[in-house]
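Here's the letter readout for the chains.
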Amino acid sequence: MTRFTVLLLGTAAIFAAASAPAEARERWTPQQANGWYARQPWLVGSNYTPASAINQLEMWQAATWDPKRIDAELGLAQGIGMNTMRVFLHDQLWEQDPEGFKRRIDEFLTIAAKHRIKPLFVLFDSCWDPNPVLGPQHPPIPGVHNSGWVQSPGLPGLRDPARYPKYRAYVTGVIGAFAKDERILGWDLWNEPDNPAEQYKGQEGKEPLVRHLLAQVFDWARAAEPIQPVTSGVWWHDDWSPGAKLTGMEKLQLEQSDVVTFHDYGWPEQFEGRVKQLILYGRPVLCTEFMARGNGSTFDGSLPIGKRYNVAMINWGFVDGKTQTRLPWDSWKKPYTIDEPTLWFHEVFRADGTPYRPAETALIRRLAAAPKTVVPAQ
């Protein structure tokens, strides 16, 4: 019997130890979801980590919490018309200091509201380093994209049935504390749950464990009765149309999400094709990751399409900093230690607060100021 088979057989036992609550609110109907979306402005923003943090842990831990910088950077976002930010949390932060973590989330929400920004919080993430460790984080690896980002939960915890009640406590604790808070846009329960994070070895059997846990996370989240939508975004398949041949993970995400979310880092033609597939579900559509200039995904190409279809648009990266996501994905194979890339991959602003491309920030501002679905002429 292989290790992978053992992991699969152990899944039922794991979830017997972490059963769903007896009662949870139902998934929103399309009418409820569209009613919520109609009350929002056209949503535009970035995936946000302050320039001083290499990952979620460094952003939120008390020793490296940086509200002054966050205030300044969200001021830049407000200045170009952005009204949302997608922000990653982490289960170990809750386990470390739940009351302190809640206080810092509340402080973040106060700062964001000051700048008229409603964050979309991400609870779990399957990308990058599978072995997160609390405390001081290592410095960025020179020339490497997102060299310190960590998964949540870590793979050792994902494989340990004894930890599952702690994940339930995290989900219900965080969402429960802010379930009625109108400063929050929504809850993105798991980022790219079936991402294999191939830069790291030894992750066999991860996907089925994540898939079964995500089903429970949807139940736990709804048990907190949030007024905000819950979702998890599809991110890599070619065809997400209703009736298409979807993976088990994609079926779960699309069948359980109150609003449809997705990622796309391709050319505008691909982006528009995916939008056309997803609007067939009759629910609001939010693009929670896009914009990789060297990959063909740009503000100039995709943002007007999103505006025309009333799709929320949240690009990856905001201010250049310790995540180093101005560098492309291939920097994991060939670090940019001598020369900078010809074209920045992600990020909107340089470290000094000036736009990387002023034409991009002008476009964001112009589209954000126009009525929904209207793409004004230059």
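Residues numbered from 1 in each chain as written. Predicted model: local features only at pLDDT ≥ 70, side-chain atom pairs only at ≥ 80, totals over all residues. Heavy atoms only, no water.

Caption draft 1: Representation of the environment of H346. By the secondary structure assignment, H346 is in the loop between β8 (312–316) and α13 (358–369). Taking C-alpha positions, H346 is 33 Å from G35, a pair spaced 311 residues apart along the chain. Among residues more than four places away in sequence, those in contact with H346 are H145, Y265, M291, A292, R293, W316, T325, R326 and W329. (Helix = DSSP H or I, 4+ residues; strand = E, 2+ residues; numbered from the N terminus. Contact = heavy atoms within 4.5 Å.)

Caption draft 2: The state of the cysteines, seen in detail. Summed over all chains, the structure comprises zero disulfides. Take C127: it sits in no disulfide, and the sulfur closest to it among the cysteines is that of C287, at 15 Å. When its relative accessible area of 7% is taken as the criterion, C127 is described as buried. The buried category is assigned to C287, whose relative accessible area is 0%. (Disulfide = S-S within 2.5 Å. Buried < 20%, exposed > 50% of the residue type's maximum accessible area, 1.4 Å probe, protein only.)

Caption draft 3: Examining the packing of helix α6 (residues 98–114) against helix α8 (residues 164–178) more closely. Two numbers describe how α6 lies on α8: the axes approach to 11 Å, and their chain directions differ by 40 degrees. Taken as axis vectors, α6 and α8 run oblique relative to one another. Considering the relative orientation of α6 and α8, their crossing is right-handed. Contacts between α6 and α8 pair F101, K102, I105, D106 and L109 from the former with Y170, V174, A177 and F178 from the latter. Taken together, the residues of the contact of α6 with α8 sort by class into seven nonpolar, no polar and two charged. (Axes fitted to C-alpha atoms, helices over the stretch in contact; angles between N-to-C directions. Parallel < 35°, antiparallel > 145°, perpendicular 65-115°, else oblique. Left-handed = near helix turned anticlockwise from the far one by under 90°. Nonpolar A, V, L, I, M, F, W, Y, C, P; charged D, E, K, R; others polar.)

Caption draft 4: The arrangement of the sheet that holds strand β5 (residues 230–231) in detail. Strand order across the open sheet formed by eight strands is β5-β4-β3-β2-β1-β8-β7-β6, with parallel pairing between neighbours. Every other strand in the sheet has two partners, leaving β5 and β6 (260–263) as the edge strands with one partner each. Its contacts with the sheet place helix α9 (residues 206–223) against β3 (118–125), β4 (186–191) and β5, and it is angled at close to 165 degrees to β4. (Pairing = 2+ DSSP bridges.)

Caption draft 5: Quick look at the pattern of salt bridges. Tallied over the full model, the rule gives 23 salt bridges. Note that K114 and D71 form a salt bridge whose closest N and O atoms lie 3.0 Å from each other. Of this pair, K114 sits in helix α6 while D71 sits in helix α4 (residues 67–79), and the two are 43 residues apart along the sequence. The exposure class of K114 is exposed, given its relative accessible area of 53%. (Salt bridge = Lys/Arg side-chain N within 4 Å of Asp/Glu carboxyl O.)

Caption draft 6: Representation of the nonpolar core within the structure. Counting 80 residues, the largest nonpolar core has W60, F108, F121, W187, F262 and L303 as its most contacted members. Ranked by residues supplied to this core, first place goes to α9 with eight residues. Excluding anything up to four places from it in sequence, F121 contacts W60, V87, L89, I105, F108, L109, I184, G186, W187 and D188. One finds W28, L120, V259 and I314 within the second-largest nonpolar core, a separate group that totals eleven residues. (Core = buried A, V, L, I, M, F, W, Y, C linked by side-chain atoms within 4.5 Å.)

Caption draft 7: Region of the structure containing unusual backbone geometry. Between S152 and P153 the backbone carries a cis peptide bond, its omega angle lying at -5 degrees. In this fold, P153 is placed in the loop between β3 and α7 (155–158). Positive phi is not limited to glycine here, since N146 has a value of about 50 degrees. The backbone of M291 sits at a positive phi, close to 80 degrees, despite the residue not being glycine. Among the secondary structure elements, M291 is positioned in the loop between β7 (285–289) and α12 (299–308). A relative accessible area of 0% means that M291 is categorised as buried.

Caption draft 8: Local environment of α6. With 17 residues, α6 ought to run about 24 Å at 1.5 Å a step, and its terminal C-alpha atoms sit 24 Å apart, in line with that. Within the span of α6, buried status applies to G100, F101, R104, I105, F108, L109, I111 and A112. On the buried face of α6, the contacting elements are α3 (56–60), α4, β2 (84–88), α5 (91–96), β3 and α8. Count one or two residues on from α6 and you reach R116, which has phi positive near 60 degrees. (Expected span 1.5 Å × (residues − 1).)

Caption draft 9: View of the confidence of the model for the protein chain. Residues at a pLDDT of 70 or more form 94% of the protein chain, whose mean pLDDT is 94. Per-residue pLDDT stays below 50 along residues 1–20; that stretch engages in 33 contacts with residues further than four places along the chain or on separate chains. (pLDDT = per-residue confidence, 0-100.)

Caption draft 10: Spatial organisation of the pairing of β2. In terms of residue burial, β2 counts as a mostly covered element, since five of its five residues are buried. Alternating residues of β2 divide into T84, R86 and F88 and M85 and V87, and every residue in both groups is buried. Where strand β1 (residues 44–47) and β2 come together, three bridges link them in parallel fashion. Along β2, the bridge assignment pairs N47 with R86. In this structure, β2 lies alongside β3, joined through five bridges in parallel fashion. Each residue of the ladder has a partner; that of T84, found in β3, is K118.

Caption draft 11: Looking closely at the packing of helix α11 (residues 268–278) against α12. For the pair α11 and α12, the least separation of the axes is 9 Å and the interaxial angle reads 20 degrees. Between α11 and α12, the angle falls in the class roughly parallel. Crossing angle aside, the handedness with which α11 passes α12 is right-handed. Along its contact with α11, which presents P268, F271 and E272, the element α12 presents G301, S302, I305, G306 and R308. In terms of residue class, the contact of α11 with α12 is built from three nonpolar, three polar and two charged.

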